[in-house]
Amino acid sequence: MLIRNNMIEHRLQQTIGEVLASLYNIEATADSIVLQTTRKEFEGDFTLVVFPYVKQARKSPEMVANEIGAAVKERIAEIESFNVVKGFLNFKIGDAYWLQFVGSEKDNATFGIKQCAAGAAPVVVEYSSPNTNKPLHLGHIRNNLLGWSVSNLLAANGHNVKKVNLVNDRGIHICKSMLAWQRYGNGETPESTGIKGDHLVGKYYVEFDKHYKEEVRQLMEQGRAEEDAKKEAPLMVEAQAMLKKWEEGDKEIRDLWNMMNGWVYAGFDETYRQMGVAFDKVYYESQTYLLGKELVQKGLDMGVLFRKEDGSVWCDLTGDGLDQKLLLRRDGTSVYMTQDLGTALLRHNEFGAERLVYVVGNEQDYHFKVLKLVLSKLGFDWADKVYHLSYGMVELPNGKMKSREGTVVDADDLIAEMEKTAEEMSKEHGKNDDMSQEEQKQLYHMLALGALKYFILKVDPTKTMLFNPAESIDFNGNTGPFIQYTHARIRSIVRKGIEEQNLDLSQTIDGMSLTEKEREIIKSLHDLPSVVEQAAENYSPAMIANYAYDLCKNFNSFYQDTPILREENGRLKCFRVQLCQMVSTAIRNTMNILGIEVPERM
RNA sequence: GGUUCCGUAGCUCAGCUGGAUAGAGCAACUGCCUUCUAAGCAGUAGGUCCUGCGUUCGAAUCGCAGCGGAAUCACCA
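Basis of the calculations
- In every chain, residue numbers begin from 1 and rise along the written sequence.
- Whichever chain is written first becomes A and whichever ligand is written first becomes 1, with later ones labelled in order.
- With pLDDT at 70 or above as the cut-off, local features in this predicted model cover only qualifying residues; side-chain atom pairs require 80 or more to be listed or tallied, and sums for whole chains, interfaces and linings still use all residues.
- Only hydrogens and water are removed before side-chain values are computed, so all heavy atoms of the structure are retained for them.
- Per the convention used, a helix needs a DSSP run of H or I reaching at least four residues, while a strand needs a run of E reaching at least two, with both numbered from the N terminus.
- Think of it in three bands: with a 1.4 Å probe and only protein chains considered, a residue is buried below 20% of the maximum accessible area for its type, exposed above 50%, and partly exposed in between.
- The method behind every accessible area is Shrake-Rupley, applied with a 1.4 Å probe, and residues are considered shielded solely by the protein chains displayed.
- We treat Lys and Arg as the positive residues and Asp and Glu as the negative residues; His and chain ends play no part in the count.
- All charge positions are set by atom: Lys at NZ, Arg at CZ, Asp at CG, Glu at CD.
- Pairing between two strands is assigned when DSSP locates at least 2 bridges connecting them.
- Axes, fitted as lines to C-alpha atoms, cover a helix only where it is in contact. Angles between the N-to-C directions of the axes lie from 0 to 180 degrees.
- In this description, contact between two residues means that some pair of their heavy atoms is separated by no more than 4.5 Å.
- Relative orientations are named as follows: roughly parallel for angles under 35 degrees, roughly antiparallel for angles over 145 degrees, roughly perpendicular for angles from 65 to 115 degrees, and oblique for any other angle.
- Gly falls in the polar group here, along with every residue not listed as nonpolar (Ala, Val, Leu, Ile, Met, Phe, Trp, Tyr, Cys, Pro) or charged (Asp, Glu, Lys, Arg).
- Where each domain starts and ends comes from a domain assignment, either automatic or drawn from a database.
- Buried area is a sum: the accessible area each of two parts loses on coming together, probed at 1.4 Å, counted once for each and added.
- Any Lys or Arg side-chain nitrogen found within 4 Å of a carboxyl oxygen on Asp or Glu counts as a salt bridge.
- Polar contacts here mean pairs of N or O atoms no more than 3.5 Å apart (in protein, one a potential hydrogen donor and the other a potential acceptor; neighbouring residues in sequence count only if both atoms are side-chain atoms).
- Within this scheme, the nonpolar core is defined by two criteria: the residues are buried Ala, Val, Leu, Ile, Met, Phe, Trp, Tyr or Cys, and they are joined through side-chain atoms within 4.5 Å.
- One heavy atom within 4 Å of a molecule or strand is enough for the residue carrying it to be called near that molecule or strand.
- Aromatic pairing here means that ring centres of Phe, Tyr or Trp (its six-membered ring) are within 6.5 Å. Orientation follows from the plane angle: under 30 degrees is stacked, over 60 is edge-to-face, and everything else is tilted.
- Charges are assigned to positions over rings by a cutoff of 6 Å between ring centre and Lys NZ or Arg CZ, combined with an angular limit of 35 degrees from the ring normal.
- By this rule, a helix spans an expected 1.5 Å times one less than how many residues it contains.

**Q** Please provide a residue-by-residue account of the overall build of chain A, values included.
**A** When you go through chain A residue by residue, the secondary structure sums to 21 helices and 14 strands. By principal-axis analysis of the C-alpha atoms, chain A measures approximately 85 × 65 × 45 Å. Counting only residues that meet the buried cut, chain A has 53% of its 602 residues in that class. With the model as given, the accessible surface of chain A reaches about 28,000 Å², and the carbon-plus-sulfur share is 48%. One way to put it: in chain A the 71 positive side-chain charges average out to a point 2 Å from where the 87 negative ones average out.

Here it is as structure tokens:
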């Protein structure tokens, strides 16, 4: 494993720092010296912009660059040459360094992935957190894929990650489904209808809404104001009563609730399995919703919270530029925020976490701002360990998804559709006809999920993204299957090299000179460890996706016009296959961070 | 109205803490499969980086203002 201090960039930074000090008396720490990769149109590998130093050096940019270049070259043997264009100092690293890099990493199956430090405090990542009244849709898909891949990403950067899910299994929404099922369900079950459990429950949620709307309409026809009608509609009144009974532990209601939630969980489990996500621990809101009340009492005692005349409890955040926030209702029951305070404390205590990451949509930015503030007001110094990974909404061409308008993109439907597309595409290409049915099915699933996951994860998590169902998800260009395809092609070469040509990939190749494209690929590989680091710091799987795409572009260009197994020089052939192997490892490791599997052939 | 986020090619998106002539993919148009998998490669065309002002050697990137869009500001979760 390459240690960061040995990386050539770091040595360059350090040496440049020394040179700046000795030549111009300029104090600059190694970290403050920014190196960038040299742009393609210029010769070199790393570039130093010298403008920041010309003032103190009191010389022209060209002179400064030349002086620094000469002095640095003097001290670092790996530098082959340097050149100066205006204020840009370009260093060219000799091929020996790149060859040595490939030699030392070519067999490292975990290249780019850091090992978890022993005994490291865990990072707890909460994601998914569904409601149990309807099936998962595209928005949940983004959440789940992000949660899963960010967890992998943090783990790849050496963190001990625990994935948790907090299921919102109680509340008025599930009562609506329950009530509608009682009324209109005729005893339907997933078994009797063949409908997936979460979809069946979702069906009754929609059913409730339909009848409820009708009641509201009738009340308004009788002259009721809309607001009153909404409150007085019999269905709503009954749903509220059901919630109350639930809270009182009414056996009949609890049984119904258990049964219907059971259906939903079976459905969710299936969708999670399809998406390839999992959790280390699942919390249920029915078990946590009472947590936090003690905290509120503590806050009252401390004087950081206050009680209004009606008995409700609030936190005054006006001093922080926010509003007052309700923490206990007038009847003493808790709200979402109360529960979240409690679960945060619970989680902090349970895990001794270094960080508590919440993968939650940016519509809840305000909620998390408040959560952190209240925690710190309550005297918890770990409040700043709470990190809201705030991601953007998924929009459709005509705006937001609205379940009432039937514009939601269902997760199961979408996955099934993608699998169908993958099958069609594969059959069209006809490259896998000799595979068994089972292998083919697995491949279609792998490609379908690869396309879907990559499509979603390649965009910056913080940004709102658009999904156009009509155009569907592509399999060409900057896509998951493109990367999977590149991997399959490479593996094919490596297999043939070993099996058919008996190449010995363990030999060390040195003393040769690299082509432009080879050097491009090696430099790209060389970047991977720092890309993983940066991506993890930014909680951005997108940076991993973009890196992988770039690497594949470079490789395919190389593949197109460079003989590999057809190369006649044996050592050169061996080196190129070693390079192939390393690229395939990098592709596999980066794709695995995204939760995408890569095939041996396709 | 207050707060926060966003605005880059026809469309979807990159562009890291300010750096060289702003990049990909899709869509359009040209080439390349008797040779390691053409789900590929090479090329053409496409830009007022929303607008204006400012900061400085240098701005898509930082600051301010404006325009446009989104989210949020519930005794919902």
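Don't stop here, the text continues.
**Q** I'd like a rundown of the sheet that holds strand β12 (residues 386-391), residues and numbers included.
**A** Taken together, the five strands give an open sheet; going across it, the order is β7-β6-β5-β11-β12, and neighbouring strands pair in parallel fashion. This sheet does not close on itself; its edge strands, each paired only once, are β7 (281-284) and β12. Each adjacent strand pair in this sheet contributes to an overall mean axis angle of 25°, direction not counted. Relative to strand β6 (residues 160-167), strand β5 (residues 122-126) runs parallel, the two being bridged by five bridges. Following the sheet pairing, V124 is matched in β6 by K162. Contacts from helix α15 (residues 365-377) reach β11 (355-361) and β12 within the one sheet, and its direction differs from that of β12 by about 175°.

**Q** Explain the packing of helix α8 (residues 197-221) against helix α10 (residues 234-248) to me, using residue names and the numbers behind them.
**A** One can describe the packing of α8 onto α10 by two numbers: an axis separation of 8 Å at closest approach and a directional angle of 130°. Between α8 and α10, the interaxial angle falls into the category oblique. Contacts between α8 and α10 involve F208, H211, Y212 and E215 from the former and P234, L235, M236 and A239 from the latter. The residue makeup of the contact of α8 with α10, split by class, is six nonpolar, one polar and one charged.

**Q** Describe in detail the domain arrangement of chain A, supporting the description with residues and values.
**A** Domain annotation for chain A reports domain 1 (4-93), domain 2 (171-275) and domain 3 (411-593). The straight-line distance from the C-alpha centre of domain 1 to that of domain 3 is 34 Å. Where domain 1 abuts domain 3, roughly 660 Å² becomes buried across the two surfaces, and 47% of that area is made up of carbon and sulfur atoms. Between D45 and K523 there is a salt bridge, and its shortest N-O distance comes to 2.8 Å. At the boundary of domain 1 and domain 3, one finds one residue pair in polar contact (both at pLDDT 80 or more).

**Q** Could you give an account of the nonpolar core, with specific residues and numbers?
**A** I68 and L525 are the most contacted members of the largest nonpolar core, which totals 152 residues. Looking at this core element by element, the count peaks at twelve residues for helix α21 (residues 570-593). Setting aside residues up to four positions removed in sequence, I68 forms contacts with V19, L20, L23, Y24, L48, V50 and L89.

**Q** Residue-level account of the environment of A117, with values.
**A** Here A117 shows up in the loop between α4 (95-105) and β5. In this structure A117 comes out as partly exposed when scored by relative accessible area, which is 45%. A C-alpha to C-alpha distance of 36 Å links A117 and L290, two positions 173 residues apart in sequence.

**Q** How would you summarise the environment of R75 if you had to cite specific residues and measurements?
**A** Positionally, R75 belongs in helix α3 (residues 61-75). For R75, a relative accessible area of 44% gives the class partly exposed. Spatially, the C-alpha atoms of R75 and A448 are 52 Å apart, while their sequence positions differ by 373 residues. With residues near it in sequence (within four places) discarded, R75 still touches T15, E18, V19 and S22. Among the polar contacts made by the side chain of R75, one reaches the side chain of E18 at a distance of 3.5 Å.

**Q** Kindly report on the protein's contact with RNA strand B, identifying the contributing residues and their values.
**A** Taken together, 65 residues sit near RNA strand B, with D310, D323, H429, K431 and Y485 positioned nearest. Sugar plus phosphate, as a fraction of atoms of RNA strand B within 4 Å of the protein: 62%. Between a phosphate oxygen of RNA strand B and a side-chain N or O atom of K496, the distance comes to 2.9 Å. When contributions to the surface near RNA strand B are tallied by element, the ones reaching two or more residues are β2 (46-49), α2 (51-57), β4 (88-93), α16 (411-429), β14 (465-466), α18 (480-499) and α20 (541-561). Grouping the amino acids of the surface near RNA strand B by side-chain chemistry returns 27 nonpolar, 19 polar and 19 charged.

**Q** A description of the sheet that holds strand β3 (residues 79-85) should follow, citing residues and the corresponding values.
**A** Paired through their backbone hydrogen bonds, the strands of a sheet run either parallel or antiparallel. Strand order in the open sheet formed by four strands is β1-β2-β4-β3, and the pairing between neighbours is antiparallel. Here the strands that pair on one side only, and so sit at the sheet edges, are β1 (35-37) and β3. In this sheet, neighbouring strand axes are inclined to one another by 30° on average, regardless of whether the strands run parallel or antiparallel. Both β3 and β4 contribute to a ladder of six bridges, which runs antiparallel. In the sheet register, V85 faces β4, and the bridge partner there is F88.

**Q** Which residues make up the pattern of salt bridges, and what values do they have?
**A** Counting across every chain of the model gives 36 salt bridges. Note that R519 and D95 form a salt bridge whose closest N and O atoms lie 3.1 Å from each other. Highlighted residues: R519 in helix α19 (residues 516-537) and D95 in helix α4, separated in sequence by 424 residues. One salt-bridge network, in which partners are shared between bridges, spans D95, E516 and R519.

**Q** Can you explain the packing of aromatic side chains? Please cite residues and give values.
**A** Evaluated as defined, the whole model comprises 19 aromatic pairs. Seen in terms of ring centroids, F46 and W98 are 6.4 Å apart; in terms of plane orientation they differ by 35°. Their pairing is tilted. Of this pair, F46 sits in strand β2 while W98 is found in helix α4, placing the two residues 52 residues apart along the sequence. Accessibility assignment for this pair places F46 and W98 in one class, buried. An aromatic cluster is defined as three or more aromatic residues linked by ring pairs; in this entry it consists of Y127, F268, Y272 and F279. Directly above the ring of Y289 sits R170, whose terminal nitrogen or CZ lies 4.1 Å from the centroid.

**Q** I'd love a proper account of helix α6 (residues 172-184), names of residues and values included.
**A** For α6, built from 13 residues, the straight-helix expectation of 18 Å at 1.5 Å per residue is met to within 8% by its first-to-last C-alpha distance of 18 Å. All of the buried residues in α6 are H173, I174, C175, K176, S177, M178, L179, A180 and W181. Its buried side turned inward, α6 meets α8, α10 and α11 (251-275). A positive backbone phi angle near 50° is found at N186, which sits one or two residues after α6.

**Q** Describe the side chain of N556, with residues and values.
**A** Along the chain, N556 falls in helix α20. There is a polar contact of 2.8 Å between the side chain of N556 and the side chain of R489.

**Q** Break down the pairing of β2 for me, with residues and values.
**A** Here β1 runs beside β2; their pairing, made up of three bridges, is antiparallel. Among the inter-strand pairings, L35 is bridged to a residue of β2, identified as L48. Strand direction decides the pairing type here: β2 and β4, joined by four bridges, are antiparallel. Bridge assignment links T47 to a residue of β4, and that residue is N90.

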